[in-house]
Amino acid sequence: MTRPPRMALSAPVLDAPDPQKLAAFYRRLLGWTVVQNAPGWVKLRPPGGGTGLSFQTEPLHVTPTWPASEGAQQIQAHLDIEVDDLDAASRHAEDCGAVLAAFQPADDVRVFLDPVGHPFCLFIREPEAPTEL
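As the structure is a computational prediction, the values presented were derived from the model and not from experiment. (Residues numbered from 1 in each chain as written. Predicted model: local features only at pLDDT ≥ 70, side-chain atom pairs only at ≥ 80, totals over all residues. Heavy atoms only, no water.)

In this section: the overall build of the protein. A count of helical and extended segments in the protein gives 2 helices and 8 strands. From first element to last, N terminus to C terminus, the protein shows the α and β order β-α-β-β-β-β-α-β-β-β. With the C-alpha coordinates of the protein rotated into their principal frame, the extents come out at 50 × 45 × 35 Å. When burial is assessed residue by residue, the protein has 30% of its 133 residues classed as buried. (Helix = DSSP H or I, 4+ residues; strand = E, 2+ residues; numbered from the N terminus. Buried < 20%, exposed > 50% of the residue type's maximum accessible area, 1.4 Å probe, protein only.)

Locating S54 in the fold gives a position in strand β4 (residues 53-57). As a C-alpha pair, S54 and L44 span 10 residues in sequence and 6.2 Å in three-dimensional space. When residues no more than four places from it in sequence are discounted, the contact partners of S54 are A11, P12, V13, L14, W41, V42 and K43. (Contact = heavy atoms within 4.5 Å.)

With that out of the way, let us pick up the sheet that holds strand β5 (residues 79-82). Read across the sheet, 4 strands follow the order β5-β8-β7-β6 without closing on themselves; strand pairing throughout is mixed. Looking at strand neighbours, the two that pair on one side only are β5 and β6 (99-100), the edges of this open sheet. With 5 bridges connecting them, strand β7 (residues 109-113) and strand β8 (residues 119-123) associate as antiparallel partners. Counterpart to L113 in the pairing with β8 is P119. Against the sheet, helix α2 (residues 86-96) makes contact with β6, β7 and β8, and its axis sits at roughly 5° relative to β7, the strand it touches most. (Pairing = 2+ DSSP bridges. Axes fitted to C-alpha atoms, helices over the stretch in contact; angles between N-to-C directions.)

Here we take up the sheet that holds strand β3 (residues 41-45). Spatial ordering of the open sheet is given by β1-β4-β3-β2, a layout of 4 strands whose pairing is mixed. Across the chains shown, the open sheet's two edge strands, defined by having one partner strand only, are β1 (13-16) and β2 (33-38). Each neighbouring strand pair of the sheet contributes to a mean axis angle of 20°, computed without reference to strand direction.

Within α2, the full set of buried residues consists of L86, A89, S90, A93 and C96. End-on, the buried residues of α2 take up no more than an arc of 125°, which puts them together on one face. Exposed and oriented more than 90 degrees from the buried face of α2 are R91 and D95. On its buried face, α2 sits against α1 (19-30), β7 and β8. (Arc of directions from axis to C-beta.)

Okay, α1 next. Helix length check: α1 (12 residues) gives 16 Å between terminal C-alpha atoms against 16 Å at 1.5 Å per residue, within 8%. Residues P19, L22, A23, F25, Y26 and L29 constitute the buried set of α1. For α1, the angular spread of the buried residues around the axis is 155°, confining them to a single face. Contacts from the buried residues of α1 go to β1, β3, β4, β5, α2 and β8. The N-cap residue of α1 is D18: its side-chain oxygen and the backbone nitrogen of Q20 are 3.1 Å apart. G31 sits one or two residues past α1 and shows a positive phi near 75°. (Expected span 1.5 Å × (residues − 1). Polar contact = N/O pair within 3.5 Å; in protein donor to acceptor, adjacent residues only side chain to side chain.)

See below:
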């Protein structure tokens with residue numbers, strides 16, 4: 001059996017009418033660094049490297065509906081962001097321009113919408129229990 005080629009996730013990509021504006025929001029929110037900035041494209045990376053987050057121009061972007069509803073634009077993906085203080089992180093997200101979603105599915109998670117409507121969740125990691133496969 002041959003070994004598969006090396007593959008590493010570089011960054012999920014979010015579509016936006018203006019990727020520079022959306023990248024600026026996430027740069028403030030996460031404290032990450034811009035490593036690529038070109039017309040129609042921006043990429044952020046966390047300090048110390050690792051998987052980043054990219055943004056590309058999509059002039060036909062339609063804000064997804066949260067929670068999903070039949071006949072409306074569906075969410076294709078969302079970001080989970082681990083935090084150490086849910087209340088402080090929520091205030092920070094709002095200060096950066098996020099909007100708290102009207103529907104919240106659980107008490108220990110906060111769902112926000114970024115400036116173009118992509119949902120993201122703030123959560124505090126619980127200790128992982130061992131599982132059997």
